[in-house]
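Geometric and topological summary
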Amino acid sequence: MNSSIFGGLLRRPEAGALIGLIGVITFFAIVGGIEFLYPSSVGSWLSRAAALGIVAIPVGLLMIAGELDISVGATITSGALITALVSGYYEMPIVVGMLASLGFGAVVGLLNGFLVVRTGVPSFIVTLGTLFAVSGLLLGATVVLTGTTSIALTAPEIIKSTFGAYFGGFQVLVLWWIGITAAFVFFVHLSPFGNWIFAMGGDKVSARNAGIPTDRMTILLFVLSSVCASFVGMSQAILFQSVQATPQLTLIFNTIIAVVVGGVLLTGGFGSVIGIFFGTITFAVVTQGIYYTSFDQTWSNMVIGILLLGAVLMNNTFRKMALSYAPKKGGK
Amino acid sequence: MNSSIFGGLLRRPEAGALIGLIGVITFFAIVGGIEFLYPSSVGSWLSRAAALGIVAIPVGLLMIAGELDISVGATITSGALITALVSGYYEMPIVVGMLASLGFGAVVGLLNGFLVVRTGVPSFIVTLGTLFAVSGLLLGATVVLTGTTSIALTAPEIIKSTFGAYFGGFQVLVLWWIGITAAFVFFVHLSPFGNWIFAMGGDKVSARNAGIPTDRMTILLFVLSSVCASFVGMSQAILFQSVQATPQLTLIFNTIIAVVVGGVLLTGGFGSVIGIFFGTITFAVVTQGIYYTSFDQTWSNMVIGILLLGAVLMNNTFRKMALSYAPKKGGK
Amino acid sequence: MPTPILALRGVNKSFGPIDVLHDINLELHAGEVLCLLGDNGAGKSTVIRILSGVHKPTTGTLEMDGKPVAFASPRDASDHGIATVHQFGGTFPLMSIGRSFFVGVEPTKGWGPFKVYDRKRANEIAVKAVRDFGITRIDDGDRLVGGLSGGERQSLAIARAVHFGARVLILDEPTAALGVKQATHVLRIVNEAKRRGLAVIFITHQVMHAMAVGDHFAVLIRGAVAADFKKGEKSREEITDLMAGGASMASLEAEIASYMETHDGHPPPVAAAKT
Amino acid sequence: MPTPILALRGVNKSFGPIDVLHDINLELHAGEVLCLLGDNGAGKSTVIRILSGVHKPTTGTLEMDGKPVAFASPRDASDHGIATVHQFGGTFPLMSIGRSFFVGVEPTKGWGPFKVYDRKRANEIAVKAVRDFGITRIDDGDRLVGGLSGGERQSLAIARAVHFGARVLILDEPTAALGVKQATHVLRIVNEAKRRGLAVIFITHQVMHAMAVGDHFAVLIRGAVAADFKKGEKSREEITDLMAGGASMASLEAEIASYMETHDGHPPPVAAAKT
Amino acid sequence: AEIAVIGGMNSDQFWNKIKKGVDDARLVVEANGGKVDYLRMQSYDNFAADAADIIRVAISQNPDGIAVPNWVYESQDPAIKEAIAAGIKVILFNAGTIEKADELGAINYVGSDEYIAGRAGGEQLAKLGAKKGVCINTLPGTANIEARCKGMIDAMTEAGATAEQLPLPSTAFGDPAAIAEAVKAYLSQNPDVTGALAIGAGEADAAAIGIQQAGLTGKVSLGCFDFNEATLNRIKAGEQAFAIDQQPYLQALLAVTLLASHIDFGTDLPTAPLLTGPGIIDASNVDATIAGVQLGAR
Ligand SMILES: Nc1ncnc2c1ncn2[C@@H]1O[C@H](COP(=O)(O)OP(=O)(O)OP(=O)(O)O)[C@@H](O)[C@H]1O
Ligand SMILES: Nc1ncnc2c1ncn2[C@@H]1O[C@H](COP(=O)(O)OP(=O)(O)OP(=O)(O)O)[C@@H](O)[C@H]1O
Ligand SMILES: [Mg+2]
Ligand SMILES: [Mg+2]
């Protein structure tokens with residue numbers, strides 16, 4: 001009986017991610033000192049995680065559905081840049097800039113989605129193309145329009161405190177992140193649509209034959225990830241009040257790491273939103289935790305790499321257990 | 001009869017790449033001026049292509065075999081750094097440094113290969129882990145050992161003219177590239193082993209059942225790509241006499257672009273060495289060609305992105321033609 | 001004669017330059033099993049894909065209850081009461097049995113925008129449907145499909161179609177990978193569906209299976225309907241010939257089959273191997 | 001009695017905690033067809049995978065010509081003259097027919113380190129082997145396998161195994177996806193192989209096919225050999241029961257099959273659907 | 001004269017100010033029947049190799065003169081020598097020294113020096129009373145950035161203070177949230193640090209938020225290399241102490257016009273080197289700088 005409950009927990013996709021998270025927190029609390037668990041430190045790693053987390057969830061959903069989106073490295077910049085351009089450089093009301101940036105994100109998502117659905121080219125390649133095309137377009141347009149590649153922005157106080165401010169060491173984005181996570185948990189694990197995403201990742205042709213509108217779902221997921229990335233870029237523009245026209249290539253790697261550490265299967269069909277949530281925190285804990293230890297920070301890349309490999313191996317083990325798990329029969 | 005020969009050419013994996021290459025050269029010769037075809041300009045884009053091309057071929061073979069290697073971004077740095085460390089900083093004979101750097105590359109390749117083969121984790125994730133782990137290790141070790149992150153190196157003249165020198169605007173690496181390409185053409189398209197790589201990419205389980213030592217081949221291919229990347233890093237250290245400890249993230253994207261533009265299928269089983277060769281030149285022509293035009297270079301990323309999307313769509317069309325192509329029967 | 005539940009009228013289908021179906025006319029009546037027969041590549045699965053909304057005909061029309069319909073998507077077809085088990089796949093290895101069973105038509109509980117997936121009910125229904133099928137080893141709807149054997153998976157896919165097959169049930173080679181016991185179960189289910197008044201389309205390469213359930217037979221040869229007849233109108237040998245694309249195969253098969261009677265215990269003579 | 005070409009002696013196989021095969025003893029003689037029968041999940045493919053070097057037995061030994069052997073890899077097994085067509089796959093969609101045919105055993109020309117793949121010869125042999133099989137539509141070895149129909153691909157895989165099957169030919173459900181004509185071809189090929197003195201292992205769920213070629217039958221039930229008998233020692237009904245995992249199915253199947261004779265033209269009675 | 005100018009990445013704000021200088025100088029050159037090409041690096045990943053490569057691209061276009069930053073001596077020197085051997089006049093700008101220019105045979109050097117600029121930052125922090133300083137490095141391992149940090153650390157050490165580098169993992173590059181939180185965490189662990197120097201203006205935007213979040217605005221003096229509009233706003237508001245400016249507009253304008261005039265008219269400037277920096281922008285001169293920014297010259 002006990003072993004059955006235990007087995008039931010272990011076969012959940014987030015099991016590995018949760019154990020990993022507890023592991024790294026314990027590690028840094030011991031090595032880095034107990035202050036690593038003080039609210040101010042927690043605020044620090046959660047604030048670090050929030051921006052990444054908001055992008056990682058829809059990117060993770062795409063991965064569950066068997067796709068990949070690496071153009072978020074450009075859309076996060078476009079979100080920031082368009083807000084700053086419209087409301088900073090051209091001095092239009094901030095709301096216009098925010099809407100424009102989210103709208104542009106939606107357009108990029110639609111473009112990605114349509115190209116993937118219509119041409120059947122792997123999404124890795126399509127979004128690699130849009131990554132370059134969009135970031136090139138942004139840079140060119142910014143230089144042509146403003147003559148510089150860095151734009152300042154000052155947002156009204158109310159907007160700042162809604163999207164880009166700190167309260168007691170916690171960035172507001174953390175609240176957005178938790179809210180968005182909750183919405184996605186509902187969408188993916190409770191509403192019937194979530195089932196469709198898993199089915200698409202499991203076997204796209206069968207999913208289509210089962211009556212799932214796979215094309216529309218794929219496009220929707222691409223739009224979600226681009227809009228979420230734009231949203232993060234927009235909030236960062238408001239918070240940091242200044243924007244550079246450089247694509248964030250590292251964000252691409254970071255989201256993939258967070259998602260995979262969170263237990264999502266790169267080849268699709270398996271994963272969970274809560275797992276991605278844990279994976280993002282794990283990533284943030286590791287990158288922030290190093291500052292609380294006496295390790296030389298030159299080694300931080302290595303720690304991240306080893307964490308990733310370890311997490312993936314652990315998740316693999318859990319997935320195999322999930323597949324072969326069945327409640328024990330009476331005998332033997 | 002004619003249409004049959006034409007069809008036969010078109011169904012080759014490199015058909016799209018060749019047409020794309022002719023297209024971009026024509027474009028830049030018209031827009032950039034005829035000087036784009038002068039030997040000095042040709043030397044310029046071939047020299048740019050050589051380093052990329054030597055890495056792109058084994059990376060492309062991995063892709064044909066259904067794997068991906070993004071750790072080359074770290075191994076190219078390790079190749080340069082270890083040569084400079086051993087023979088520059090510690091002043092050992094240059095040959096020792098060269099062997100050490102190639103040896104380290106082989107070790108990284110073995111590690112990648114073993115992890116992929118043993119754990120079954122997708123190679124994208126495994127090599128993402130080693131990318132971070134190796135680049136972190138390099139940076140840390142360099143700082144600890146030398147106290148700086150960039151090391152100078154002076155190689156004897158004979159070594160310089162073999163690995164790192166210019167002759168009439170052409171880097172010697174171009175010759176190495178052509179030689180390595182020829183060796184790979186033999187290995188992949190003429191020797192019986194090439195067949196194995198395609199079979200592995202087509203269906204790994206069936207390939208194993210057909211008696212192909214898939215594990216050993218996979219490890220071999222990872223070693224090849226790491227060693228080739230180390231070789232390029234080593235030659236660059238010798239040529240440029242100075243090395244810094246940063247991973248080359250853009251190399252990762254560039255190799256994937258070159259390989260995909262060269263007609264290799266991301267999902268494996270289809271492609272050719274000559275195609276990758278053409279794809280690399282195409283990429284180099286586009287990135288270097290922009291210098292010869294009056295376009296504002298701020299747009300270059302956009303051009304690259306659009307090129308990638310266009311090339312992939314064209315290759316897709318050719319692949320579909322290849323699949324449905326059959327010599328026409330008598331009637332209709 | 002009553003109006004057919006589903007009919008193809010002069011349907012053609014081409015994929016680019018390749019013509020796959022030529023002028024197909026077929027009728028399907030309630031309470032009737034239509035066996036679609038034909039050689040490999042004859043176009044059987046393509047007919048099925050048109051009926052289930054996966055492909056649209058190049059020319060020609062579909063009729064349901066005598067009125068022309070056009071299915072915009074597989075979902076549209078299933079909304080019209082057509083449930084299909086396609087030749088390969090149909091299950092999702094990393095999903096639970098309950099979720100896989102209800103893919104695309106998830107049962108919900110709750111109200112308004114907060115309708116949530118009803119896991120408990122889905123699992124119960126799914127497990128019951130599969131167990132009714134004779135697969136008694138399955139008792140937990142949360143088990144992942146990837147842990148089931150090939151035959152169990154196929155049964156799950158069929159149980160699903162039967163459960164949702166409101167009016168028309170289409171089975172594309174459902175028995176190909178199944179053992180004797182499971183195949184017999186499928187045949188029984190087809191008969192049960194017919195008894196309940198459903199129309200069934202059944203594809204198989206096994207004459208025995210076809211003759212065991214079919215009321216009506218259509219044979220495709222190279223994308224055209226080569227024969228369309230009722231039960232009892234043709235002999236087993238004639239049907240076998242037609243299934244083999246018009247070649248005269250039945251005699252040969254019978255010849256091979258007859259070894260067992262004529263050469264009990266001895267290796268058969270070499271002659272049969274000559275063509 | 002001559003020494004068997006291939007024998008399993010007390011073979012057990014477990015995947016982690018799951019025991020799949022229990023104490024399997026089987027013998028295979030030259031010029032003999034061994035039919036391996038059993039329900040879905042009985043362990044037939046696992047036996048095949050052990051014989052073809054894909055898996056190693058957990059305990060127990062393999063013997064070839066009376067001497068113990070251990071296959072290090074599938075390649076090792078094929079070097080011993082064992083050719084296998086596995087249940088699924090075996091072909092490579094994006095490879096040419098010639099290359100796919102010779103995967104792993106590429107013919108070469110030239111000398112020393114400059115041996116190159118002999119495309120022309122490979123294509124010729126492959127095309128001939130497939131055409132000998134009755135698939136006359138194929139005439140160009142450079143065509144990609146992905147452009148062939150499912151049945152044509154299956155035939156290619158079988159032709160390949162027959163071509164390289166030096167001593168033992170193993171076919172795991174080769175006829176499952178095939179039409180009547182192609183299935184008959186496969187049966188003919190099995191007989192031809194037997195005539196040439198090869199030992200053949202043949203797996204099928206179709207009693208007719210098994211009885212048409214088998215000299216010797218072994219039935220697996222839940223991973224153990226439940227019956228091992230010669231041709232003519234058991235009746236069709238008994239074999240069917242055994243194939244269904246020991247359940248008494250033959251009568252039921254016969255019952256369903258008998259509809260066609262007894263109820264010509266009329267829908268069958270409902271009774272059959274009750275279990 | 002036909003002149004090729006070599007510069008840094010497109011998305012790098014600093015090099016767009018250089019572009020403004022190039023564009024303004026172009027007017028003069030074109031007025032004399034010449035032409036100016038601005039060739040830019042496509043990434044900094046493989047810096048030594050690409051920096052030499054791009055010179056060879058310029059040579060292949062057969063210009064009369066090349067204006068080039070001498071970022072990495074070892075790798076670029078051979079290429080510069082090839083250019084001079086091919087009869088092309090070369091001027092070094094932005095990176096290099098006059099000794100180097102003389103050694104290679106370049107006509108002059110216009111610019112500042114990364115190490116010296118770093119020293120200026122260190123001296124400024126020491127002057128502001130910082131006892132311990134940190135150099136926030138988002139590109140650890142990159143040669144010219146390391147030189148900036150080294151200069152800063154050396155200068156502070158000589159002034160009797162201490163200083164160290166904070167190298168961030170490559171997962172943080174370009175991610176303002178990561179930089180801000182890293183700075184915040186670092187400062188909370190190192191309360192004795194009262195001076196911070198960011199390696200670029202974008203990093204400073206994030207570092208300022210990190211300092212603010214650590215509750216140390218005003219207590220930790222923040223400086224940075226180069227500047228953008230937000231930097232100036234912060235200096236004006238007292239949230240940042242200073243920015244180190246090397247006046248890129250002047251570097252480009254002077255380098256190109258000097259080179260063109262040397263080729264066309266044989267002029268020569270006895271002032272060598274021509275130093276354009278480091279200049280310190282702080283509260284005292286920020287208003288004039290803002291005026292220059294509006295015109296795109298700063
Ligand atoms: N999407 C497609 N594009 C091009 N050709 C296709 C496509 N789908 C099917 N075909 C071709 O149409 C023909 C009929 O295929 P179909 O799958 O309907 O045959 P089938 O009768 O179901 O055969 P089997 O008994 O082997 O399942 C084949 O020659 C096949 O190659
Ligand atoms: N690699 C494996 N790991 C765990 N279990 C396995 C593995 N391979 C096979 N099995 C299990 O072993 C049992 C026998 O499988 P096998 O494929 O041999 O059956 P089979 O007799 O060939 O069935 P079918 O007629 O459906 O092809 C099944 O229950 C299957 O789930
Ligand atoms: Mg079919
Ligand atoms: Mg099997």
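Reading guide: rules and limits
- Residues numbered from 1 in each chain as written.
- Chains lettered and ligands numbered in written order.
- Predicted model: local features only at pLDDT ≥ 70, side-chain atom pairs only at ≥ 80, totals over all residues.
- Heavy atoms only, no water.
- Helix = DSSP H or I, 4+ residues; strand = E, 2+ residues; numbered from the N terminus.
- Rg over C-alpha atoms; globule rule 2.2 N^0.38 Å.
- Buried < 20%, exposed > 50% of the residue type's maximum accessible area, 1.4 Å probe, protein only.
- Contact = heavy atoms within 4.5 Å.
- Lys, Arg positive; Asp, Glu negative; His and termini not counted.
- Charge placed at Lys NZ, Arg CZ, Asp CG, Glu CD.
- Axes fitted to C-alpha atoms, helices over the stretch in contact; angles between N-to-C directions.
- Parallel < 35°, antiparallel > 145°, perpendicular 65-115°, else oblique.
- Phe/Tyr/Trp six-rings, centres within 6.5 Å; stacked < 30°, edge-to-face > 60°.
- Lys NZ or Arg CZ within 6 Å of the ring centre and 35° of its normal.
- Patch = residues over 30% accessible without salt bridge, like charges linked within 9 Å, V, L, I, M, F, W, Y side chains within 5 Å.
- Areas by Shrake-Rupley, 256 points an atom, 1.4 Å probe, with all protein chains shown as cover.
- Salt bridge = Lys/Arg side-chain N within 4 Å of Asp/Glu carboxyl O.
- Domains from an automatic or database assignment.
- Near = heavy atom within 4 Å.
- Polar contact = N/O pair within 3.5 Å; in protein donor to acceptor, adjacent residues only side chain to side chain.
- 1 Å grid on protein atoms, 1.4 Å probe; cavity = no way out; pocket = protein on both sides within 12 Å on 5 of 7 lines; lining within 4 Å.
- Points joined across faces, edges and corners; volume = space filled by probe spheres on them.
- Nonpolar A, V, L, I, M, F, W, Y, C, P; charged D, E, K, R; others polar.
- Pairing = 2+ DSSP bridges.
- Expected span 1.5 Å × (residues − 1).
- Right-handed = clockwise from strand over helix to strand, strands pointing away.

Taking an unreviewed UniProt entry as the reference, chain C is identified by name as Sugar ABC transporter ATP-binding protein belonging to Neotabrizicola shimadae.

Another aspect to go through is the overall build of chain E. Secondary structure assignment for chain E yields eleven helices and twelve strands. Against the compact-globule benchmark of 19 Å for 298 residues, chain E has a radius of gyration of 19 Å, which places it among compact chains. Overall size of chain E, expressed as C-alpha extent along the three principal axes, is 60 × 35 × 35 Å. For chain E, the residues scored as buried account for 64% of the 298 residues in total. Taking all contacts inside chain E whose residues are at least 6 apart in sequence as the whole, residues at least 24 apart take part in 71%. A gap of 4 Å separates the mean positions of the 21 positive and 36 negative side-chain charges of chain E.

We now examine the packing of helix α2 (residues 47-60) of chain E against helix α3 (residues 73-85) of chain E. All names here are of chain E. It is the contact of α2 with α3, at a shortest axis distance of 8 Å, that shows an interaxial angle of 10 degrees. Classified by the angle between their axes, α2 and α3 sit roughly parallel to one another. Here A48, A51, A52, I55, R56 and I59 of α2 come into contact with α3, specifically with S75, Q76, P78, A79, I80, E82 and A83.

What the rule picks out here adds up to 36 aromatic pairs over all chains. Summarising the aromatic geometry, the rings of A:F253 and B:F132 are spaced 6.4 Å apart at their centres and angled 85 degrees between planes, so their arrangement reads as edge-to-face. Within this pair, whereas A:F253 is found in helix α12 (residues 249-261), its partner B:F132 is found in helix α6 (residues 123-146), the two belonging to separate chains. Comparing A:F253 with B:F132 shows no difference in burial state: the two are buried. Taken together, A:F27, A:F28, A:F36, A:W45 and A:Y292 form an aromatic cluster joined through their ring pairs. Sitting over the face of the ring of C:F229, C:K234 holds its NZ or CZ atom 5.3 Å from the ring centroid. Just above the ring of E:F227 sits the side chain of E:K17; from NZ or CZ to the centre is 3.6 Å.

The next point concerns a nonpolar patch on the surface. Residue and element names in this part refer to chain A. Together, Y89, Y90, M92, V96, V144 and L145 line one region of the surface with nonpolar side chains, adding up to about 540 Å² of accessible area. Checked against the element boundaries, M92 lands in the loop between α4 (72-89) and α5 (94-119). For M92, a relative accessible area of 40% puts it in the partly exposed group.

Turning to the domain arrangement of chain C, a few remarks are in order. Per the domain assignment, the segments making up chain C are domain 1 (1-90 + 169-244) and domain 2 (92-147). Spacing between the C-alpha centres of domain 1 of chain C and domain 2 of chain C amounts to 28 Å.

Throughout the structure, instances matching the rule amount to 40 salt bridges over all chains. A salt bridge links D:D118 to D:R121, with the nearest nitrogen and oxygen atoms 3.3 Å apart. Look at D:D118 and you get buried, because its relative accessible area is 9%. Close ionic contact of E:D24 with E:K20 constitutes a salt bridge, the shortest N to O distance being 3.6 Å. Here E:D24 pairs with E:K20, and both are found in helix α1 (residues 13-31), just four residues apart, close to one helical turn.

To continue, consider unusual backbone geometry. Not every positive phi belongs to a glycine, and A:E91 is a case in point at roughly 55 degrees. Here A:E91 shows up in the loop between α4 and α5. Positive phi outside glycine occurs at D:E173, with the angle close to 45 degrees. Relative to the assigned elements, D:E173 resides in the loop between β9 (168-172) and α6 (180-195). On the basis of relative accessibility, which here comes to 7%, the residue D:E173 falls in the buried class.

Residues and elements named next belong to chain D. In the vicinity of ligand 2 there are 13 residues, among which G41, G43, K44, S45 and T46 approach most closely. At 3.2 Å, a backbone N or O of A42 approaches an oxygen atom of ligand 2. Expressed as a share of its isolated accessible area of 640 Å², the protein-covered part of ligand 2 is 71%. Here the element with the most residues in the shell around ligand 2 is helix α1 (residues 44-51); it accounts for three residues.

A few words now on helix α9 (residues 192-202) of chain B. Three or four residues apart is the spacing at which side chains of an α-helix point the same way, because the helix has 3.6 residues per turn. Of all the eleven residues making up α9(B), nine are buried; the element is thus mostly covered by neighbouring parts of the structure. Considered for burial, the residues of α9(B) that qualify are B:P192, B:G194, B:N195, B:W196, B:I197, B:F198, B:A199, B:M200 and B:G201.

Right, let's talk about the environment of E:I244 for a bit. Residue and element names in this part refer to chain E. By the element assignment, I244 lies in strand β10 (residues 242-245). You can call I244 buried: its relative accessible area is 2%. For the pair I244 and A172, spaced 72 residues apart in sequence, the C-alpha to C-alpha distance is 23 Å.

We now examine the layout of surface pockets. With a probe scaled to a water molecule rolled over the atoms, the places where space remains empty come into view. Estimated volume of the second largest pocket: approximately 1000 Å³. Around the second largest pocket, the lining is made up of 40 residues, and of these B:T149, E:A143, E:E146, E:A147 and E:K150 lie nearest the centre. Where the lining of the second largest pocket is concerned, the elements lending two or more residues are β1 (150-152) of chain B together with α3, α5 (114-127), α6 (143-158), β7 (162-167) and α7 (176-189) of chain E. Looking at the lining of the second largest pocket element by element, the count peaks at seven residues for α6(E). Looking at the lining of the second largest pocket, its residues break down into 17 nonpolar, 15 polar and eight charged.

The subject of this paragraph is the site of ligand 1. Residues and elements named next belong to chain C. Taken together, 13 residues are adjacent to ligand 1, and G41, K44, S45, T46 and Q87 come closest. In this structure, A42 approaches ligand 1 through a main-chain N or O atom, which is 3.3 Å from an oxygen atom. Measuring from an oxygen atom of ligand 1, one finds a side-chain N or O atom of H205 at 3.0 Å. For ligand 1, whose free accessible area comes to 630 Å², the fraction covered by protein is 71%.

Once that is clear, we can look at the sheet that holds strand β9 (residues 221-225) of chain E. Residue and element names in this part refer to chain E. Ordered in space as β7-β6-β8-β9-β10-β12, the six strands form an open sheet in which the pairing is mixed. Since the sheet does not close on itself, it has two edges, and those belong to β7 and β12 (279-281), each with one partner. Shown here is a sheet whose adjacent strand axes are inclined to one another by a mean of 20 degrees, direction ignored. Pairing analysis gives four bridges linking strand β8 (residues 195-198) to β9, with the strands arranged parallel. Bridging from a neighbouring strand, G195 pairs with S221 of β9. Contacting β8, β9, β10 and β12, α5 crosses the sheet at an angle of about 160 degrees to β10. The strands touched by helix α8 (residues 201-213) within the sheet are β6 (132-137), β8 and β9, with β9 carrying the most contacts at an inclination of about 165 degrees.

The smallest C-alpha distance separating chain C from chain E is 32 Å, and no contact links them. Looking at chain D next to chain E, you find no contact at all, with the nearest C-alpha pair sitting 36 Å apart.

Let us look at empty space enclosed by the protein. Counted by the stated rule, this structure contains 16 cavities of 30 Å³ or more. What the second largest cavity holds in volume is close to 460 Å³. Contributing elements (two or more residues each) for the lining of the second largest cavity: α6 (180-195) and α7 (207-213) of chain C together with α6 and α7 (207-213) of chain D. With four residues, the single largest contributor to the lining of the second largest cavity is α6(C). The residue makeup of the lining of the second largest cavity, split by class, is 15 nonpolar, 13 polar and six charged.

A word on helix α8 (residues 172-190) of chain B. Taking 1.5 Å per residue as the helical rise, α8(B) with its 19 residues ought to reach 27 Å, and the 26 Å between its terminal C-alpha atoms agrees with that figure. Those residues of α8(B) lying buried are B:V172, B:L173, B:V174, B:W177, B:I180, B:T181, B:F184, B:F187 and B:V188.

Residues and elements named next belong to chain C. The sheet contact formed by strand β1 (residues 6-15) and strand β4 (residues 59-64) spans five bridges and is antiparallel. Looking at β4, one finds that L6 is bridged to M64. With three bridges joining them, β4 and strand β5 (residues 67-69) adopt antiparallel strand pairing. In the strand pairing of β5, L62 is matched with V69. Connecting the antiparallel pair β4 and β5 is a turn made up of two residues, with D65 showing a positive phi of about 50 degrees.

A word on the pairing of strand β2 (residues 35-40) of chain E. Residues and elements named next belong to chain E. For β2, the buried fraction is high: five of the six residues fall into the buried class. Across six bridges, strand β1 (residues 2-7) lies against β2 in parallel orientation. Among the inter-strand pairings, V5 is bridged to a residue of β2, identified as Y38. Chirality of the crossover, the property in question, places the unit of β1, α1 and β2 among those that are right-handed.

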